[in-house]
Amino acid sequence: HLPTVLVLGDDGEPLRLTFPLWGREVAFHVWRASIGRIPLYLLDTELDENDPVDRWITSRLYEGNPLTRLGQYGLLGIGTVRALRALGITPAVYHFNEGHPALAALELAAESVATGAGLEDALAGAGSRCVFTTHTPVPAGNEAYEPDLVLGAFGELPGRVGLDSARFLDL
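So, a few notes on the structure that sits alongside this text.

With that settled, consider the nonpolar core. Phe-154 and Leu-157 are the most contacted members of the largest nonpolar core, which has 38 residues in total. Mapped onto this core, the elements with two or more residues apiece are strand E2 (16-21), strand E3 (24-35), helix H2 (66-86), strand E5 (94-97), helix H3 (103-114), helix H4 (119-128), helix H5 (147-154) and helix H6 (156-161). Among residues more than four places away in sequence, those in contact with Phe-154 are Pro-20, Leu-21, Leu-70, Gly-74, Ile-78, Leu-103 and Phe-168.

Quick look at the structure:
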C-alpha cells in the first residue's frame with residue numbers, strides 16, 4: 001500500500017540480485033519510491049527462496065540478533081553496490097552514515113581487483129570515493145563482533161579483494 005514499485009530487470013521480471021552471507025547467496029529485490037523528483041531505492045530480502053532467517057534481514061531496523069545484524073551489514077554494503085551497478089548508477093561518492101554499509105568500500109575494491117587493479121590501488125580507489133560520518137561517536141553506540149563471526153559471515157570477501165583475514169579484519 002506504499003507508493004513504491006518493484007524494479008524490473010531487462011527481461012521484465014523483478015530484478016533479483018544476491019549477496020554472499022554465511023557461505024550462501026541471499027537473494028533480494030529492489031523497490032523504488034519517488035520522493036518528489038528523487039528516487040529512493042529499498043532493498044528487500046523477503047523472498048520465498050530465502051530461508052526464514054534471511055527473510056528477516058530487511059524486516060526490522062535495529063534488530064537485536066547479531067547474526068541478522070551482520071546480514072543487514074552485508075546487504076547494506078555489498079548488496080547496495082551490486083544494486084547500484086544493476087541500476088546503471090555510478091556514484092562519484094558513497095556516503096556511509098555509521099558503520100552499517102561499511103562493507104561497500106571492500107565490495108568496490110573487490111570490483112577493481114576483478115578488473116585487474118592491484119590490491120593497494122583498489123583499496124585507495126575505493127577509499128577515495130567513500131565518506132564516513134557518525135552521529136554516535138561513543139563505544140556504546142557502535143557494535144563490535146568477534147573476528148570469527150565476521151569471517152564466518154563474509155569469509156569470501158577477503159579473497160575477492162586479495163586480503164588475508166588479519167588485514168580484512170583490520171580494515
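Note that an α-helix has 3.6 residues per turn; residues three or four places apart therefore point the same way. Relative to the 30 Å expected for 21 residues at 1.5 Å per residue, H2 spans 29 Å between its end C-alpha atoms, a close match to the ideal helical length. Sitting at the head of H2, Asn-65 places a side-chain oxygen 2.7 Å from the backbone nitrogen of Leu-67. Once H2 ends, the next one or two residues include Gly-88, with phi positive near 75 degrees.

Here we take up the pairing of E3. Summarising the sheet, strand E1 (residues 4-6) and E3 pair through three bridges and their orientation is antiparallel. Across the sheet, Val-5 pairs through a bridge with Arg-32, a residue of E3. In sequence, E2 turns back onto E3 through a hairpin of two residues, with Trp-22 there showing a positive phi of about 55 degrees. Note that E3 and strand E4 (residues 38-44) share seven bridges and pair antiparallel. Its bridge partner being in E4, Ile-35 is matched across the sheet by Ile-38.

Across all of its chains, the model carries eleven salt bridges by this definition. Here Asp-48 makes a salt bridge to Arg-55, at a shortest N to O gap of 3.6 Å. Exposure remark for Arg-55: the relative accessible area of 23% places this residue in the partly exposed category. Members of the salt-bridge network, linked through shared partners, are Arg-82, Glu-107, Glu-156 and Arg-160.

Conventions adopted
Residues numbered from 1 in each chain as written. Predicted model: local features only at pLDDT ≥ 70, side-chain atom pairs only at ≥ 80, totals over all residues. Heavy atoms only, no water. Core = buried A, V, L, I, M, F, W, Y, C linked by side-chain atoms within 4.5 Å. Buried < 20%, exposed > 50% of the residue type's maximum accessible area, 1.4 Å probe, protein only. Helix = DSSP H or I, 4+ residues; strand = E, 2+ residues; numbered from the N terminus. Contact = heavy atoms within 4.5 Å. Expected span 1.5 Å × (residues − 1). Polar contact = N/O pair within 3.5 Å; in protein donor to acceptor, adjacent residues only side chain to side chain. Pairing = 2+ DSSP bridges. Salt bridge = Lys/Arg side-chain N within 4 Å of Asp/Glu carboxyl O.

Any functional reading would require information that these geometric values do not contain.
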